[in-house]
Amino acid sequence: MNNKIKHIIVHCAYTPPSMDIGVKEIDSWHRKRGWLGCGYHAVITRAGVVELGRPADKSGAHVRGMNSVSRGICLVGGMNRSKDGPEINYTDEQYKALRLLINQWQENLYPIAKVSGHTDWDKNKTCPNFDAAHWFETEEIIPTF
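Right, let's walk through the structure included here. (Residues numbered from 1 in each chain as written. Predicted model: local features only at pLDDT ≥ 70, side-chain atom pairs only at ≥ 80, totals over all residues. Heavy atoms only, no water.)

Comments concerning the environment of glutamate 140
Now for step 1: Tracing the chain through its elements places glutamate 140 in the segment after helix H3 (132-138).
Now for step 2: As for glutamate 140 and cysteine 12, which are separated by 128 residues in sequence, their C-alpha atoms are 18 Å apart.
Now for step 3: If near-sequence neighbours (up to four positions away) are discounted, glutamate 140 is found in contact with His134 and Trp135. (Helix = DSSP H or I, 4+ residues; strand = E, 2+ residues; numbered from the N terminus. Contact = heavy atoms within 4.5 Å.)

Quick look at the structure:
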C-alpha cells in the first residue's frame, strides 16, 4: 500500500470515436514530446481493455505539479473531429473498466487516493470532459466543458 499517492486522475486522449489506440500509440506521442514514455499509468481502450503504461512505482507525466502524488488513467476518446470542441464519447466498456481499475487501485495500492479529472488541476483543460469525481460517486455524467 502506498499512502504517498493521494489522487487518481482521469484523462482522455482527445481522439475521435473511430480512433482505437492504446499505450503503444500514446507512448510514441509522448516520446516525440521528449518524455520518457507514456505519461499515464494506465490507458483504457475503446473495448474497455486496461493497458498498463508507466510503471506503478514511477511518477507519471500527466499533471504538472501533481505527478509525484498521483496516478493517471487515460480513456481513449474524448474528441469528435467533425465538431468543434470536446465530446463525451466513451463506451460502456470503458466506464466499467475505469470503475474496476479505480476500485482495485484504492483497495490494493492507493487506499487514500481520491478520484478527480485533469480539468480539476488545470482549468485550461476539459479533460476527461466529465466530472470524474462526481461520476465515481454517482455514475452520473456531468460535462466539464
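Back to the write-up after that little detour.
A closer look at the pattern of salt bridges
Now for step 1: Inspection of every chain in the model, using the stated rule, returns two salt bridges.
Now for step 2: One salt bridge in this structure joins aspartate 27 and arginine 31, with 2.7 Å as the shortest N-O distance. A residue pair is termed a helical-turn pair when its members lie 3 or 4 positions apart in one helix, as aspartate 27 and arginine 31 do in helix H1 (residues 23-32) at four residues.
Now for step 3: For arginine 99, the salt bridge goes to glutamate 139, with nearest N and O atoms at 3.3 Å. Within this pair, whereas arginine 99 is found in helix H2 (residues 92-108), its partner glutamate 139 is found in the segment after H3, the two being separated by 40 residues in sequence.
Now for step 4: The exposed category is assigned to glutamate 139, whose relative accessible area is 53%. (Salt bridge = Lys/Arg side-chain N within 4 Å of Asp/Glu carboxyl O. Buried < 20%, exposed > 50% of the residue type's maximum accessible area, 1.4 Å probe, protein only.)

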